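Each chain, written out:
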Amino acid sequence: MKICVIGTGYVGLVTSAGLAETGHYVIGADIDVQKIERLKKGEIPIFEPGLKELVERNGAAGRLEFSSDIGGSIARSQVIFCAVGTPMRADGGADLSAVDAVAEEVARSVRGESVFVMKSTVPVGTSIRIRRILASANHRVHYVSNPEFLKEGDAINDFMRPDRIVIGIDDNDAFARDIMARIYHPLNLDKNRILWMDPASAELTKYVSNAMLAMRISLMNEIALLCEKVGADIHHVRHGVGSDSRIGPKFLYAGPGYGGSCFPKDVAALIHTARDHGLELELAIATERVNQRQKGVLFRKLRAIFDGDLRGKRIAVWGIAFKPRTDDIRESPALTLIDALLADGATVSAHDPEAHANARALYGDRIEIAPDPYAAAQGADALVLVTEWRPYQNPDFERLRSIMNRPILLDGRNIWSNYGLRALGFHYEGIGVRGS
Ligand SMILES: NC(=O)c1ccc[n+]([C@@H]2O[C@H](COP(=O)([O-])OP(=O)(O)OC[C@H]3O[C@@H](n4cnc5c(N)ncnc54)[C@H](O)[C@@H]3O)[C@@H](O)[C@H]2O)c1
């Protein structure tokens, strides 16, 4: 099948390469001309494990190409996936200007009966808005809602072996149903993963999934604060709670608050959509409020350690990406910490295995970006672990103590809490843990 994926970001690039891997002919199209030029040269503009090999293999096989000619790419395709960004507006709602622009281009450029597949995360009701735009095309364009659930850092696996494939489609649309079933057939062989539903339910499923996961994190972050007050340990509580098969162990980790390009904006957009319909989603509102407070937890702990005066202190930050195995720094708790430190007159030396270029683009020379973790810790008055990259799991603590100005470790992910660090001479704090 001839498929065009519009938007070659984290979702679009994985979708393009994944669909090509299953035999389709795919054009990845984007208005960012520089990004497309890099892709044409074989450069992958983002870090996502396994993506480079997948793009190279399918490019070499002639099944994957890239273009900045959006209209031309649409004209050559029967199925058009929309994977452009839907960032948060100032009022918390989703900015749909990019998806509108894609729909307008599709309406102008389609050359035959085709299917428009919405992969971007869009508020419930967007299908009605986009259909109105598509109705001006000279050919019938079927609308399908197909929200994406991949996780950055494990996106290829999520694409190839999804828990479920949600497809929102009109009951009587046999044409689009047949095409979607054929597209996803290779991912659906061992068991049926496709959940057919109406577009509004599909749109809402995506937001509720993210809100549910965000809620679990916010609950555990609140409980971690309570642990510190009452002398309990969040590790034990997490194990105890997560061992209940009704609850399960995932997304129960206390930390510096959730970030990334999805949870913050999607929880906000869900709240906004409900308000548009006269509803206050109290649980979602609390989830967001708890998270905003939690994103300041590392800074508050540092201020307490330094008696409220961080001026002139050199703080090392390990991890800038919002989670390991990605270079994505959008809404990362590390940014909240770094901004607060800079505003308070501290200096920051940071390290991240993959996000250094994005951090450099954001901060320029306002922070030091060190080539390795120990260079970041050199002469530091405190070291804060924000992102639990694997190479940070077992550092040489003796070396750290010898190169740091003060032996202060703040562990935002509780990964060092069992290492007996106080006995090694460190001041150690985690989030809701008793150990170390
Ligand atoms: N990143 C994730 O983990 C993830 C997971 C699931 C769903 N989503 C959703 O998928 C969508 C895309 O997210 P992303 O992280 O890939 O975004 P992104 O910012 O990485 O990529 C978006 C791309 O769209 C391009 N673009 C913008 N306007 C365009 C236009 N008019 N025509 C062509 N290209 C255009 C941009 O240049 C950019 O390359 C969002 O709605 C997001 O909520 C993201």
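Undergrad: Summarise the overall build of the protein; cite the residues concerned and give the values.
TA: Each helix and strand counted, the protein has 17 helices and 14 strands in total. Taken over the C-alpha trace, the protein has a radius of gyration of 23 Å; the compact-globule value for 436 residues is 22 Å, and the two agree within 12%. Per-residue burial over the protein gives 47% buried out of 436 residues. Counting only contacts in the protein whose residues sit at least 6 apart along the sequence, the fraction spanning at least 24 positions is 71%.

Undergrad: Describe the domain arrangement of the protein, with residues and values.
TA: Domain assignment breaks the protein into domain 1 (2–197), domain 2 (206–293) and domain 3 (296–429). Once you take the C-alpha centre of each, domain 1 and domain 2 turn out to be 29 Å apart. Taken together, the contacts link eleven residues of domain 1 with nine residues of domain 2. Residue classes in the side of domain 1 that touches domain 2 are distributed as seven nonpolar, three polar and one charged.

Undergrad: Lay out the site of the ligand with the relevant residues and their values.
TA: Taken together, 26 residues form the shell around the ligand, and within it Gly7, Gly9, Val11, Ser120 and Thr121 come nearest. Of all the elements in the fold, those that place two or more residues in the shell around the ligand are helix H1 (10–21) and helix H5 (97–109). Split by residue class, the shell around the ligand holds twelve nonpolar, nine polar and five charged.

Undergrad: Explain helix H12 (residues 282–294) residue by residue, including any values.
TA: Its 13 residues give H12 an end-to-end C-alpha distance of 18 Å, which sits within 8% of 18 Å, the value for a rise of 1.5 Å per residue. At its buried positions, H12 is contacted by helix H9 (199–230), helix H11 (263–276) and helix H13 (297–305).

Undergrad: So, the pairing of strand E1 (residues 2–6): which residues are in play, and what are the values?
TA: Within E1, four of the five residues are buried, which leaves the element mostly enclosed by the surrounding structure. Bridge analysis of E1 against strand E2 (residues 25–29) gives five bridges, and the strand direction is parallel. Note on E2: the bridge partner recorded for Ile6 is Ala29. On the question of chirality, the crossover connecting E1 to the parallel E2 by way of H1 is right-handed. For E1 and strand E4 (residues 79–82), the ladder comprises four bridges, and the chain directions are parallel. In the sheet register, Ile3 faces E4, and the bridge partner there is Val79.

Undergrad: How would you sum up the packing of H11 against H12? Please name residues and give values.
TA: The geometry of H11 relative to H12 is characterised by a closest axis approach of 9 Å and an angle of 145 degrees between their N-to-C directions. When the axes of H11 and H12 are compared, the crossing they make is left-handed. Mapping the contact onto sequence places Val267, Ala268, Leu270 and Ile271 in H11 and Ala284, Ile285, Thr287 and Glu288 in H12. Across the contact of H11 with H12, the residue classes tally to six nonpolar, one polar and one charged.

Undergrad: Kindly report on the environment of Leu424, identifying the contributing residues and their values.
TA: Mapped onto the secondary structure, Leu424 falls in the loop between strand E13 (408–411) and strand E14 (427–429). Taking the C-alpha atoms as reference, Leu424 lies 9.4 Å from Ser436; in sequence the two are twelve residues apart. In contact with Leu424, other than residues within four places in its own chain, are Phe397 and Arg401.

Undergrad: Provide a residue-level description of unusual backbone geometry, including the pertinent values.
TA: The phi torsion at Glu331 lies on the positive side, around 60 degrees, for a residue other than glycine. With respect to the helices and strands, the residue Glu331 is situated in the loop between strand E9 (314–318) and helix H14 (333–343). Assessed through the 20 C-beta atoms surrounding it within 10 Å, Glu331 is described here as buried. Located in the positive-phi region is Asn414, a residue other than glycine, with phi close to 60 degrees.

Undergrad: Go over the sheet that holds E9 with me, naming the residues and quoting the values.
TA: Ordered by their spatial adjacency, six strands build an open sheet running E11-E10-E9-E12-E13-E14, and the pairing between neighbours is parallel. Bordering the open sheet on either side are strand E11 (368–369) and E14, each of which pairs with just one other strand. Here E9 pairs with strand E10 (residues 347–351) via five bridges, running parallel. Across the sheet, Arg314 pairs through a bridge with Thr347, a residue of E10. On the sheet, H13 packs against E9, strand E12 (382–385), E13 and E14 and is oriented at approximately 160 degrees with respect to E13.

Undergrad: Give me the pairing of E10: which residues, what numbers.
TA: In the classification by handedness, the crossover that spans E9, the intervening H14 and the parallel E10 is right-handed. Bridging between E10 and E11 involves two bridges; their strand directions are parallel. When the sheet's bridge partners are listed, Ser349 is paired in E11 with Glu368. A crossover connection joins E10 to the parallel E11 through helix H15 (residues 356–363); in handedness this β-α-β unit is right-handed.

Rules and cut-offs
- Residues numbered from 1 in each chain as written.
- Predicted model: local features only at pLDDT ≥ 70, side-chain atom pairs only at ≥ 80, totals over all residues.
- Helix = DSSP H or I, 4+ residues; strand = E, 2+ residues; numbered from the N terminus.
- Rg over C-alpha atoms; globule rule 2.2 N^0.38 Å.
- Buried ≥ 20, exposed ≤ 12 C-beta atoms within 10 Å, placed from the backbone.
- Contact = placed C-beta atoms within 7 Å.
- Domains from an automatic or database assignment.
- Nonpolar A, V, L, I, M, F, W, Y, C, P; charged D, E, K, R; others polar.
- Near = placed C-beta within 6 Å.
- Expected span 1.5 Å × (residues − 1).
- Pairing = 2+ DSSP bridges.
- Right-handed = clockwise from strand over helix to strand, strands pointing away.
- Axes fitted to C-alpha atoms, helices over the stretch in contact; angles between N-to-C directions.
- Left-handed = near helix turned anticlockwise from the far one by under 90°.

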